[in-house]
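Report on the structure
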Amino acid sequence: MHMRKSDLFLISLVFACILVAVTFVDAHWRVLNAGSHLDGMAQMVRQLELTDLSLFTEARYTRHLSQADYHTAFQDHPLAIEHFPSGSLIHPPQLLQGTDEVIFPETALPD
Amino acid sequence: MKSFFLKQRYLIDFTLSSLLRRSGKNIGLLLVYTLIVFMLASVMLFTHALRNEAGHVLAESPEIILQRMIAGRHDLIPGGYLEKIGQVRGVMEKHGRLWGYFFDPAIKANYTLMVPRDRSLGEGEIVVGAGIARTRGVGIGDILSFRSADSRTFSFRVMDILQSDSELVSSDLILLSEAQFRDFFGIPEGFYTDLVLRVRNPKELRTIAEKLTLKLPDTRPILRDEIMRTYDSIFSWRQGIVFILMAGAILAFVIFAWDKASGLSAEERKEIGILKAIGWETADVIRMKFWEGFIISISAFLLGYLLAYLHVFYASAGLFESVLKGWAVLYPEFQPIPYIDGLQVATLFFFTVFPYTVATIIPIWRAAITDPDTVMR
Amino acid sequence: MLFSPSIMALVLVSATVSLLILMAAAFALQVTLRWDIHSGSERQLQLERRTYLISTIVAYSFTAELVALLLFIYNAEQMSSQFVGAMCATGVLNINEFGWPTLYLKMAVFFAGAVWLMLNYADNRAYDYPLIKIKYGLLLLIAPLVVAELLVQVSYFSALDPDIITSCCGSLFTPEGEGVAAEVSGVEPATALYALAGSGVSILITGGWFLVRGRGAVAFAALNSIGFFVALIAIVSMIALYVYEHPHHHCPFCILKGGHEFIGYYLYIPLFLSTAFGLGAGVIAPFAKYPSLQQIIKADSRRYVTAALMLMLCFYLVAGFAVGTSSLTMMEVWW
Amino acid sequence: MQTIKLEQVKKIFHQGRPNEFCAIHGIDLTIEPHYTTVLKGPSGSGKTTLLSMIGCLSRPTSGRITIGGDMLSGLPERFMTEIRRKTFGFIFKQFNLIKGLTVLENVMLPAYPLAPNHAALKQHALQLLDQFGLVSKATLNVEFLSGGEAQRTAICRAMINDPEILIADEPTANLDTKLSREFMALIQQLVDQGTTVILTSHDPEVYESPVIDRVVEMRDGLLESL
């Protein structure tokens, strides 16, 4: 007895959907298990008072995104085309865009 | 209801037969489409996971960092500012922080030098991040030599290496004592890179920041919330940009789907004529053709997503490494923690299955209204 | 702000659906103007074939809109972390004046689309297409709704400013506040419970009456729609409290969160579907006067009423489950 | 069984355009059940056009076609399809089997939209293939069939929905004399089972065959004799 093509398809579809569900279960499980790893990192961040991920280490304004100057070399304008490739992967920090919240308008630094 | 499902199964039977008949072409199509979904899904899963991880980890950052600005540039801040701040209600703790960058010409990498407050290091002692240890090939007890700002050579003994599972935040760090830091960079006593304030109640942050800007008009406070929101939107922004770029690929694919559906060969047209003549209704032909597009796009979607999951969470997103790394020499080795949610998958679905399906509506309809008596002519 | 993938997906869906529906409306207009069922001409044949395109387009669009409605709420829920003061979807919808209208329009499009498809399904099985002018006229009315939804949604997303301090559910859904949301929250839980029970019973009675006697579909639809609003009010003023186990948390969106086992989806999905089926049964019922439709509508509306009743029952069961398993006891407080 | 009645049936192609062309000029015809009728005439006489209108494949520009008293001519295409697949089975000039599918799949194809039980449908198809001596070829793709086998597959396909009326458009045009005779023998089988058959042909093997009860001659879109 030949299997119908539609049955083959529907079975593989269901199988693929189960695999997708498995990714959710796997993700959930790994997130639960990552607790100690995350805690370790969080503790290091707390002790060393770190503020940024060390994903992009080519330049100082890519290394410490949240600590960047208003005016950095190669980056005179927040949206300027930059020299560093990873700059194309990250959005200029809100601090530089002028869209960040003005905490106290009178003392805001002129750009 | 039952007959509805029976009918769909028959239509799928036919569609699969007709897809398999042109299997070379259709498998090629499926592969290309899967590749596009794979790229999109990888970017999506990766950035979302990083965003969540950053959110969890950076929640422990200092609540307020106070930086001095001179002529629009970040400058050293005098320790006297700590007194100037004086007593602000809600501030538990305040102190100066010392950190800076050092460009190592030996491997052309930028390090972050930092004075830790949780451990005391002696003369000539440093602790390095796992990324530096790997790139320079050093272990505990080895010596690293750097030239200082005033051209003296400093030799440091590596006392410890920061644990490698925290590379995401520490791969390029060098920790050293305050005295050495000042000596190495030539920073006079009484000056700091910036000030850190610990605040007990997060609700008071804003008031405190407001008071600080009043008292010290040449400084800017950076709030932890801002840092976290910055990271939150950095990743969704970039994800968005990638999606817009990839939209070009999807659009090309949609045009291709449109073209494929509308440029039916004479043979396919005749086939539809036959189907209609032997009793298939226009709506049946439309449904059958719908299945054709849906089978390809849902298969590409599921395959692409599953491959992307393996790529990002089991292969450390290896394909992105060179992109993220840019010109940097140091790159953290890390396995992203798989934070995924239904919204991502639903969005991905809309970006892939939906356009393909919609693009084929009109061509499908055009094909389906073929006169049933064409086969008689 | 428009660069988030989910927002782009939502705009993409709305824009595509608007385009498709406008196209369908244009075709519908042509069909209505030149329709002549008794003609054997080629033009009439072409018009008949157009009806397939229109049905296909509306069916696709409607399915996409249905999923987009879920995605919209889910997305609002997710974005709450990017806005100061927003803790859930309520806060995100409150960011500007277009948030809530977008949601309402999406819901309106959902119901309009559902009803249209049911009308179309009935009409397509009558050999003389008696409702062709009515249903295409209706489609011309739905089209502006879809376009409005697109425009309002785009205004909403483009005006999203991540640093505006927005009021969240905590301050909006409190009895002390102002506006509809506050009024709804201010409804006494006991009143809400009685109203919910009353509307449930009345829906059951009219539905049962219809299934037995085949009459009163319009009344059923009306009561079902009222029941829809009563249920929404009850969710805000009473059911949510039990889900959160907190006597003052009235948010209708936080129940969608994982922390509450996604119970919101089990409440809203049956409720919306039930109302859609109820409305459909009510709308098609008056057309049973056409001889060619009589049998079809009789069968269809029975099916729709049954579906609506079953789904409404699901809603009541889930709601009862939420209240029953909650550790919140409000006996002494309310009654 | 039902009588088919045509009254003043006209068919105009490309109506309202410069290439307007009247294929059928107003025909009255009654086809009784259980009769085997041939529409005979030279090519261009309109016999195929008339056959496609009788078989609900197209509808007349004006005039009435009724089957068992029910009006066909005014029906929208959607409902004509319904009647067509329940009432008629078709055999075309070029067999028109769908390539890439097996013989069995081709035979089952007309029943797909009716969504019967799959096992029962397959059983029925195999039974038909058995009756026409094709059961050994069931899993073969149709490209590999000979002309006679393809013709018999086409007959099986036409019969899968148990139609009351079999319509065949020049069925022997691509067959040699021997195969044409075999074909007419198979038609005889179906007639014996009670099927009404309507054919078009200008092949004497067909219209002179003893199976035929009645020959309707056509020329230039009109009937020549009854």
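Residues numbered from 1 in each chain as written. Chains lettered and ligands numbered in written order. Predicted model: local features only at pLDDT ≥ 70, side-chain atom pairs only at ≥ 80, totals over all residues. Heavy atoms only, no water.

1. Looking at the overall build of chain B
Scanning chain B from terminus to terminus reveals 13 helices and 13 strands. On C-alpha atoms alone, chain B measures out to a radius of gyration of 31 Å, which is more than a quarter above the 21 Å that the 2.2 N^0.38 rule sets for 377 residues. When the backbone C-alpha atoms are referred to their principal axes, chain B occupies close to 100 × 50 × 40 Å. Split into buried and exposed, the 377 residues of chain B put 61% on the buried side. Once local pairs closer than 6 in sequence are excluded, the contacts in chain B between residues at least 24 apart make up 79%. Looking at chain B as shown, the accessible area adds up to about 14,400 Å², and 60% of this sits on carbon and sulfur atoms. (Helix = DSSP H or I, 4+ residues; strand = E, 2+ residues; numbered from the N terminus. Rg over C-alpha atoms; globule rule 2.2 N^0.38 Å. Buried < 20%, exposed > 50% of the residue type's maximum accessible area, 1.4 Å probe, protein only. Contact = heavy atoms within 4.5 Å. Areas by Shrake-Rupley, 256 points an atom, 1.4 Å probe, with all protein chains shown as cover.)

2. Considerations on a nonpolar patch on the surface
Together, Val 14, Phe 15, Ile 18, Leu 19 and Val 22 of chain A line one region of the surface with nonpolar side chains, adding up to about 440 Å² of accessible area. Classification of Leu 19 of chain A by relative accessible area gives partly exposed; the value is 33%. (Patch = residues over 30% accessible without salt bridge, like charges linked within 9 Å, V, L, I, M, F, W, Y side chains within 5 Å. Salt bridge = Lys/Arg side-chain N within 4 Å of Asp/Glu carboxyl O.)

3. With respect to the packing of helix 9 (residues 217-244) of chain C against helix 11 (residues 294-325) of chain C
Working note: a packed helix pair is described by the angle between its axes plus the distance between those axes. Residue and element names in this part refer to chain C. Following both chains from N to C, one finds helix 9 and helix 11 inclined at 15 degrees, their axes separated by 11 Å at the closest point. Classed by the angle they form, the pair helix 9 and helix 11 counts as roughly parallel. Taken as a pair, helix 9 and helix 11 cross one another with a handedness that is left-handed. Each of Phe 220, Asn 224, Ala 231, Ile 235, Met 238, Ile 239, Tyr 242 and Val 243 in helix 9 lies in contact with helix 11, whose residues at this interface are Val 305, Ala 308, Leu 309, Met 312, Phe 315, Ala 319, Ala 322 and Val 323. When the residues that make up the contact of helix 9 with helix 11 are grouped by side-chain class, the tally is 15 nonpolar, 1 polar and no charged. (Axes fitted to C-alpha atoms, helices over the stretch in contact; angles between N-to-C directions. Parallel < 35°, antiparallel > 145°, perpendicular 65-115°, else oblique. Left-handed = near helix turned anticlockwise from the far one by under 90°. Nonpolar A, V, L, I, M, F, W, Y, C, P; charged D, E, K, R; others polar.)

4. Looking at the pattern of salt bridges
Taken as a whole and assessed by the stated rule, the structure comprises 38 salt bridges over all chains. Between Asp 284 of chain B and Lys 7 of chain B there is a salt bridge, with its nearest N and O atoms 3.0 Å apart. In this pair, Asp 284 of chain B is assigned in helix 10 (residues 282-314) and Lys 7 of chain B in helix 1 (residues 2-21), connecting sequence segments 277 residues apart. Asp 300 of chain C is paired through a salt bridge with Arg 125 of chain C; the nearest N and O atoms lie 2.5 Å apart. Of this pair, Asp 300 of chain C sits in helix 11 while Arg 125 of chain C sits in the loop between helix 4 (99-123) and helix 5 (132-158), and the two are 175 residues apart along the sequence. Residue classification places Asp 300 of chain C among the buried residues on the basis of a relative accessible area of 0%. Each of Lys 7, Asp 284 and Arg 287 of chain B together with Arg 85 of chain D takes part in a single network of salt bridges with overlapping partners.

5. What about the environment of Asp 169 of chain D?
Along the polypeptide, Asp 169 of chain D turns up in strand 7 (residues 165-169). Here Asp 169 of chain D falls in the buried class, since its relative accessible area comes to 1%.

6. What to know about the sheet that holds strand 10 (residues 173-175) of chain B
Residue and element names in this part refer to chain B. Ordered by their spatial adjacency, 6 strands build an open sheet running 5-6-10-7-9-8, and the pairing between neighbours is mixed. What marks the edges here is a single partner per strand, and that holds for strand 5 (99-104) and strand 8 (143-147). This sheet shows a mean twist of 35 degrees between the axes of neighbouring strands, independent of strand direction. Where strand 7 (residues 125-128) and strand 10 come together, 2 bridges link them in antiparallel fashion. Across the sheet, Val 127 pairs through a bridge with Leu 175, a residue of strand 10. Packing of helix 6 (residues 178-185) onto the sheet brings it into contact with strand 5, strand 6 (109-114), strand 7, strand 8 and strand 9 (153-161), and relative to strand 5 it is tilted by some 55 degrees. (Pairing = 2+ DSSP bridges.)

7. Description of the domain arrangement of chain B
Residues and elements named next belong to chain B. Per the domain assignment, the segments making up chain B are domain 1 (2-58 + 232-376) and domain 2 (64-222). Once you take the C-alpha centre of each, domain 1 and domain 2 turn out to be 48 Å apart. Listed by partner, the interface residues are 9 residues for domain 1 and 15 residues for domain 2. Roughly 850 Å² is buried in total at the junction of domain 1 and domain 2, and carbon and sulfur atoms are behind 70% of that figure. (Domains from an automatic or database assignment. Buried area = accessible area lost by both parts, 1.4 Å probe.)

8. As for the nonpolar core
Trp 280 of chain B, Ile 54 and Ile 239 of chain C together with Ile 4 and Leu 50 of chain D are the most contacted members of the largest nonpolar core, which has 293 residues in total. Of all the elements, helix 10 of chain B adds the most residues to this core, at 18 residues. Once residues within four sequence positions are removed from consideration, Ile 54 of chain C is found in contact with Ala 24, Phe 27, Ala 28, Val 31, Trp 116, Tyr 136 and Leu 139 of chain C. By size, the runner-up hydrophobic cluster in this structure holds 41 residues, among which are Ile 64, Leu 66, Tyr 192 and Val 199 of chain B. (Core = buried A, V, L, I, M, F, W, Y, C linked by side-chain atoms within 4.5 Å.)

9. Looking at the packing of helix 12 (residues 342-359) of chain B against helix 1 (residues 5-34) of chain C
At a minimum axis separation of 9 Å, helix 12 of chain B and helix 1 of chain C run at an interaxial angle of 30 degrees. When the axis of helix 12 of chain B is compared with that of helix 1 of chain C, the two are roughly parallel. Viewed along their axes, helix 12 of chain B and helix 1 of chain C form a crossing whose handedness is left-handed. Only Pro 5, Ser 6, Met 8, Ala 9, Leu 12, Val 13, Thr 16 and Leu 20 of chain C of helix 1 of chain C make contact with helix 12 of chain B, whose side of the interface consists of Leu 343, Thr 347, Phe 350, Phe 351, Phe 354, Pro 355 and Val 358 of chain B. Class assignment of the residues belonging to the contact of helix 12 of chain B with helix 1 of chain C gives a composition of 12 nonpolar, 3 polar and no charged.

10. Structural notes on the pairing of strand 1 (residues 4-13) of chain D
One ladder, built from 8 bridges, connects strand 1 of chain D with strand 2 (residues 21-31) of chain D; its direction is antiparallel. Directly across from Lys 5 of chain D, in strand 2 of chain D, lies its bridge partner Thr 30 of chain D.

11. Re helix 5 (residues 147-159) of chain D
With 13 residues, helix 5 of chain D ought to run about 18 Å at 1.5 Å a step, and its terminal C-alpha atoms sit 19 Å apart, in line with that. Of all 13 residues in helix 5 of chain D, 11 are buried, a share of seventy percent or more. For helix 5 of chain D, the complete set of buried residues consists of Gly 148, Glu 149, Ala 150, Gln 151, Thr 153, Ala 154, Ile 155, Cys 156, Arg 157, Ala 158 and Met 159 of chain D. Buried positions along helix 5 of chain D lie against helix 9 (266-277) of chain B together with strand 6 (88-91), helix 3 (103-108), helix 4 (118-131), strand 7 and helix 6 (177-192) of chain D. (Expected span 1.5 Å × (residues − 1).)

12. Quick notes on unusual backbone geometry
The phi torsion at Tyr 129 of chain C lies on the positive side, around 40 degrees, for a residue other than glycine. Residue Tyr 129 of chain C is classed as buried on the basis of its relative accessible area of 2%. Even without a glycine there, the phi angle at Cys 56 of chain D is positive, about 65 degrees. Structurally, Cys 56 of chain D is set in the loop between helix 1 (47-54) and strand 4 (62-67). Cys 56 of chain D sits in the buried class, given a relative accessible area of 1%.

13. A look at the packing of aromatic side chains
Counted according to the given criterion, the structure contains 46 aromatic pairs over all chains. With a centroid separation of 6.4 Å and 40 degrees between ring planes, the pair formed by Phe 102 of chain B and Tyr 111 of chain B is classed as tilted. Put simply, the rings of Phe 102, Tyr 111, Phe 146, Phe 154, Phe 156, Phe 181, Phe 184 and Phe 185 of chain B pair up and form one aromatic cluster. Just above the ring of Tyr 121 of chain C sits the side chain of Arg 125 of chain C; from NZ or CZ to the centre is 3.9 Å. Geometry around Tyr 207 of chain D places Lys 40 of chain D over its ring, the cationic atom sitting 4.2 Å from the centre. (Phe/Tyr/Trp six-rings, centres within 6.5 Å; stacked < 30°, edge-to-face > 60°. Lys NZ or Arg CZ within 6 Å of the ring centre and 35° of its normal.)

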